[in-house]
Amino acid sequence: MADDIEARLTAVPAPTKSPDGGSDGPDDYLERRTLRRGSAGWLLLTGLGVAYVVSGDFSGWNVGLDKGGFGGLAIATVLMGAMYACLVFSLAELSTILPTAGGGYGFARRALGPWGGFLTGTAILIEYILAPAAIVIFIGDYVESLGLFGLTSGWPVYLGCFVIFIGVHLWGVGEALRFSLVVTAVAVAALLIFAVGAFTEFSAEGLNDIPVDPEAFGSNSWLPLGVLGIWAAFPFGMWFFLGVEGVPLAAEEAKDPVRSMPKALAISMGVLTLLALITFFAATGAQGADAVKAAGNPLVVALEGDGGPTALSRFVNYAGLAGLVASFFSLIYAGSRQLFALSRAGYLPRFLSLTSKRKAPYLGLVIPGAIGFALAAATGDGARMLNIAVFGATISYALMALSHIVLRRREPGLERPYRTPGGMATSSVAFVLALSALVATFLVDKDAAFIALAVYAVALAYFAFYSRHHLVASAPEEEFAALAEAEAELTRD
């Protein structure tokens, strides 16, 4: 089945009526919307998975200490790590069934129909458009704090980042992923070096030095903010893994995606788990949880304490910038591929999926980049935008896990080159934990959650009143779903 889908990506589509406003004829719709196939092997895909996430090790997760203390964030991280592990194993199976650029949208489209596909794809877009906008603000803060070229954090830095890194993506996916791999390797090496330095100052007493709130239910030195603090720390435990689920979006550009995608997902998750473990313990144990809980650069604070900058802390500071760049760069890639797939199938305006001579979805890169730049320049509130991104992410996780469950129950005989260990039990764990994390976003920033809901409502109105009536049947994800429906009708007859 996966081979059939791959073959259809290059086949001439069935006639369509002016699929993007009259600019295409009936025979070249998909030909003008093709990506460069075979550009990424398992190593580049693994690098992409780590790159999505690595900036979260340098900053952001530590705010969870303020919400739940060391024990609360530790439990939240274990639970969120379990959610991502279960989700990644489920996605590995789904990506071998449908190796297209649609990723989560394509999986949900097959399992949950057009509405499920659109709900999932839109949630993923919210994550991958808002997250780069937030990260570019953090890049600006790092550039200013390091005194690079005398620049201050503001719109010129944001604009420069979007222009330079979107330009690399426009040059070609192979070049883009190789650049991402190099920058990610630098960031990972820096985290390992940081851990070696920080563990020399490690003290177990510092893990529980946050003052206990005596009025919080179940509070103690391990849970200074009580049992509810565990739940409130969920979104920050996610920061050690947020984004790894985007690897399947590279399926159409991968070499042998049926084999390379599960391997890349599994290795990425293993690397991220190791980095989360050593970063969490090293940073909190070096100077104490209370010292790093509100720091914008917790790793630097963990190394410096009251002693001022050191050679190692300056190195980690520069490496933090590299980590931010890696995540910013790779999330731009993920957002463009999700937008490309939704547009190609008609869920969003079809002109957004046109590709250049170098097989890059140029409008799918430029337009989300312009939106991200505008949001960053207008608000300067990176934390709020990341909270909105997390809200979108948790919705998509629940729907992707549900898609795995539905396909296992409804189509048990579907060819599955890779099968999720544990089957539906694994995806059920991911589904329950994703819903729990979704509710937890309201505990952290209910305004961000309601903003995300408002964006969701506008998108759903567009789909309900227009785009669901103008879908492109020859798009790979739509054709795959139509094939399943036809097979089901034959079975009933």
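As shown above, the structure is provided for reference.
Residues numbered from 1 in each chain as written. Predicted model: local features only at pLDDT ≥ 70, side-chain atom pairs only at ≥ 80, totals over all residues. Heavy atoms only, no water.

Asker: Help me understand the environment of Gly68 in this model?
Answerer: Inspection of the secondary structure puts Gly68 in helix H4 (residues 63–97). Once the C-alpha coordinates of Gly68 and Leu225 are considered, the two residues, 157 residues apart in sequence, prove to be 5.4 Å apart. With residues up to four places along the chain from it excluded, the contact list for Gly68 reads Leu73, Leu223, Pro224, Leu225 and Gly229. (Helix = DSSP H or I, 4+ residues; strand = E, 2+ residues; numbered from the N terminus. Contact = heavy atoms within 4.5 Å.)

Asker: What is the right way to read the packing of helix H15 (residues 382–410) against helix H16 (residues 424–444) from this model?
Answerer: Geometry of a packed helix pair, given as the angle between the helix axes and the separation of the axes. As a packed pair, H15 and H16 sit with axes 8 Å apart at the nearest point and diverge in direction by 160°. With respect to H16, the element H15 is oriented roughly antiparallel. The element H15 and its partner H16 pack so that their crossing is left-handed. Each residue belonging to the contact of H15 with H16 can be placed in one class, and the counts come to 17 nonpolar, six polar and two charged. (Axes fitted to C-alpha atoms, helices over the stretch in contact; angles between N-to-C directions. Parallel < 35°, antiparallel > 145°, perpendicular 65-115°, else oblique. Left-handed = near helix turned anticlockwise from the far one by under 90°. Nonpolar A, V, L, I, M, F, W, Y, C, P; charged D, E, K, R; others polar.)

Asker: In this structure, what is going on with the pattern of salt bridges? I would like to understand it.
Answerer: Opposite charge on two side chains permits them to pair, given that their charged atoms come into close proximity. Across all of its chains, the model carries seven salt bridges by this definition. With a shortest N-O distance of 2.8 Å, Arg408 and Glu93 are connected by a salt bridge. Highlighted residues: Arg408 in helix H15 and Glu93 in helix H4, separated in sequence by 315 residues. Like Glu93, Arg408 is buried. With its nearest N and O atoms 2.7 Å apart, the salt bridge here joins Asp445 to Arg384. With Asp445 in the loop between H16 and helix H17 (446–465) and Arg384 in helix H15, this pair connects stretches of sequence that are 61 residues apart. What makes Asp445 buried here is its relative accessible area of 12%. A relative accessible area of 26% places Arg384 in the partly exposed class. (Salt bridge = Lys/Arg side-chain N within 4 Å of Asp/Glu carboxyl O. Buried < 20%, exposed > 50% of the residue type's maximum accessible area, 1.4 Å probe, protein only.)

Asker: Got a minute to help me understand the environment of Gly154 in this structure?
Answerer: Assignment of secondary structure puts Gly154 in the loop between helix H5 (104–146) and helix H6 (155–171). Judged by its relative accessible area of 16%, Gly154 falls in the buried class. Taking C-alpha positions, Gly154 is 6.6 Å from Gly140, a pair spaced 14 residues apart along the chain.

Asker: What's the story with the packing of aromatic side chains in this structure? I'm lost.
Answerer: In this description, a pair of aromatic rings is defined by centroid distance and the angle of the planes. One pass over the full model with this rule turns up 25 aromatic pairs. Geometrically, the ring pair formed by Phe70 and Phe281 is edge-to-face, given 5.6 Å between the ring centres and 75° between the ring planes. With a gap of 211 residues between them, Phe70 in helix H4 and Phe281 in helix H10 (residues 257–287) connect regions that are remote in the sequence. Taking relative accessible area as the criterion, Phe281 reaches 31% and is therefore assigned partly exposed. Ring plane angle 70° and centroid distance 5.1 Å describe the contact between Tyr105 and Tyr347, whose orientation is recorded as edge-to-face. Highlighted residues: Tyr105 in helix H5 and Tyr347 in the loop between helix H13 (311–344) and helix H14 (362–379), separated in sequence by 242 residues. Taking relative accessible area as the criterion, Tyr105 reaches 0% and is therefore assigned buried. Classification of Tyr347 as buried rests on a relative accessible area of 0%. Through successive ring pairs, a cluster of aromatic residues spans Trp61, Phe70, Trp222, Phe240, Phe280 and Phe281. (Phe/Tyr/Trp six-rings, centres within 6.5 Å; stacked < 30°, edge-to-face > 60°.)

Asker: Help me understand the environment of Ala345 in this model?
Answerer: Tracing the sequence through the fold places Ala345 in the loop between H13 and H14. On the basis of relative accessible area, Ala345 is assigned to the buried category, the value being 0%. When the C-alpha positions of Ala345 and Gly102 are compared, they lie 9.4 Å apart, and in sequence the two are 243 residues distant. Apart from the residues within four sequence positions on either side, Ala345 is in contact with Tyr105, Leu471, Val472, Ala475 and Glu478.

Asker: Would you mind showing me how to read the packing of H4 against H16 here?
Answerer: Interhelical geometry of H4 versus H16 gives an angle of 130° and a closest axis separation of 8 Å. With respect to H16, the element H4 is oriented oblique. Pair H4 / H16 crosses with left-handed handedness. Each of Leu79, Met80, Ala82, Met83, Cys86, Leu87, Phe89 and Ser90 in H4 lies in contact with H16, whose residues at this interface are Thr426, Ser427, Val429, Ala430, Leu433, Ala434 and Ala437. Residue classes in the contact of H4 with H16 are distributed as 12 nonpolar, three polar and no charged.

Asker: Which parts of the structure should I look at to understand the side chain of Thr77?
Answerer: Relative to the assigned elements, Thr77 resides in helix H4. Look past the residues within four positions of Thr77 in its chain and what remains in contact with it is Gly237, Phe240 and Phe241.

Asker: Help me understand H10, please; the structure alone is not making it clear to me.
Answerer: Working note: α-helix, 3.6 residues per turn, so residues spaced by three or four point in the same direction. The end-to-end C-alpha distance of H10 is 44 Å, a good match for the 45 Å that 31 residues give at a rise of 1.5 Å each. Remark: Gly288 follows H10 within two positions and exhibits a positive phi of approximately 105°. (Expected span 1.5 Å × (residues − 1).)

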